[in-house]
Every structure is written in C-alpha cells, then in structure tokens.
Amino acid sequence: MKVVGILGVTVILVFIFLIQRPGLKRSGKRVKMAFFSIMMVNWVLAVLLVIFPELPGPGQMIDFIYQSFEPFW
C-alpha cells in the first residue's frame, strides 16, 4: 500500500513539473535549480510521511521551536 502512496506522490509532482515546464524554459539557471531543489525536498518529505505517517508535521516543529523561547517572553 505504501508503494501506491509513493507512486501517487511521484505522479503528482511530475504533473506539477509538466505544468510549470513552459515557464521554466524562459527562466534562468538559478530559478530552475531552485525549483528542482524545492521539488526534491517536497518529494522526500512526502515519501517520508507515506512511509512513517506518525512523524510530526511542520506545525508541531514550529510549536517545539517557539516553546524553547517561551521563558524569554
């Protein structure tokens, strides 16, 4: 079942790439590299969440960071 989730995430990201491809052709090398870097980070995070669904989300990470600053408020 996890393979289906990973394939689904991959298909969605490929679809996003195909939609954005015409705009990327006119962009510079830095924009293309930034786009691909963000896409790869998103793919890795999505696959990790498919494999390990109990991982904390980004909201919980932000709460953890702000709780460490709570004594200073």
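See the structure printed just above.
Residues numbered from 1 in each chain as written. Predicted model: local features only at pLDDT ≥ 70, side-chain atom pairs only at ≥ 80, totals over all residues. Heavy atoms only, no water.

### Side note on the nonpolar core
Note on soluble globular proteins: their nonpolar side chains tend to be buried together.
So, step 1. With five residues, the main nonpolar core is built from V9, L13, L24, F35 and M39.
So, step 2. Contributions of two or more residues to this core are made by α1 (2-25) and α2 (29-51).
So, step 3. Among the elements that make up this core, the one with the highest residue count is α1 (three residues).
So, step 4. For L24, the contacting residues outside a window of four places in its chain are F17, V31, K32 and F35. (Core = buried A, V, L, I, M, F, W, Y, C linked by side-chain atoms within 4.5 Å. Buried < 20%, exposed > 50% of the residue type's maximum accessible area, 1.4 Å probe, protein only. Helix = DSSP H or I, 4+ residues; strand = E, 2+ residues; numbered from the N terminus. Contact = heavy atoms within 4.5 Å.)

### Comments concerning the environment of Q20
So, step 1. Here Q20 is to be found in helix α1.
So, step 2. With relative accessibility at 38%, the residue Q20 sits in the partly exposed group.

### Describing the packing of aromatic side chains
So, step 1. Using the criterion set out here, one finds two aromatic pairs in the structure.
So, step 2. A ring pair is formed by F17 and F36, whose centres lie 5.7 Å apart and whose planes are at 40°; its orientation type is tilted. Note that F17 is positioned in helix α1 and F36 in helix α2, a separation of 19 residues in sequence.
So, step 3. Since its relative accessible area comes to 24%, F17 is described here as partly exposed.
So, step 4. Classification of F36 by relative accessible area gives partly exposed; the value is 37%.
So, step 5. Taking the centre distance of 5.7 Å and the plane angle of 70° together, the rings of F35 and F36 count as edge-to-face.
So, step 6. In this structure F35 comes out as buried when scored by relative accessible area, which is 17%.
So, step 7. Grouping aromatic residues by their ring pairs yields a cluster made of F17, F35 and F36. (Phe/Tyr/Trp six-rings, centres within 6.5 Å; stacked < 30°, edge-to-face > 60°.)

### Thoughts on the packing of α1 against α2
So, step 1. For the pair α1 and α2, the least separation of the axes is 10 Å and the interaxial angle reads 165°. As far as their axial angle goes, α2 and α1 are roughly antiparallel. In this structure, the crossing between α1 and α2 has a hand that is right-handed. Facing K2, G5, I6, V9, T10, L13, I16, F17, Q20, L24 and K25 of α1, the residues of α2 in contact are V31, K32, F35, F36, M39, N42, W43, A46, V47, V50 and I51.
So, step 2. Among the residues forming the contact of α1 with α2, the class breakdown is 15 nonpolar, four polar and three charged. (Axes fitted to C-alpha atoms, helices over the stretch in contact; angles between N-to-C directions. Parallel < 35°, antiparallel > 145°, perpendicular 65-115°, else oblique. Left-handed = near helix turned anticlockwise from the far one by under 90°. Nonpolar A, V, L, I, M, F, W, Y, C, P; charged D, E, K, R; others polar.)

### Some thoughts on α2
So, step 1. The terminal C-alpha atoms of α2 lie 33 Å apart, and with 23 residues this matches the ideal 33 Å at 1.5 Å per residue to within 8%.
So, step 2. Of the positions making up α2, those classed as buried are F35, M39 and V47.
So, step 3. Against α1 lie the buried residues of α2. (Expected span 1.5 Å × (residues − 1).)

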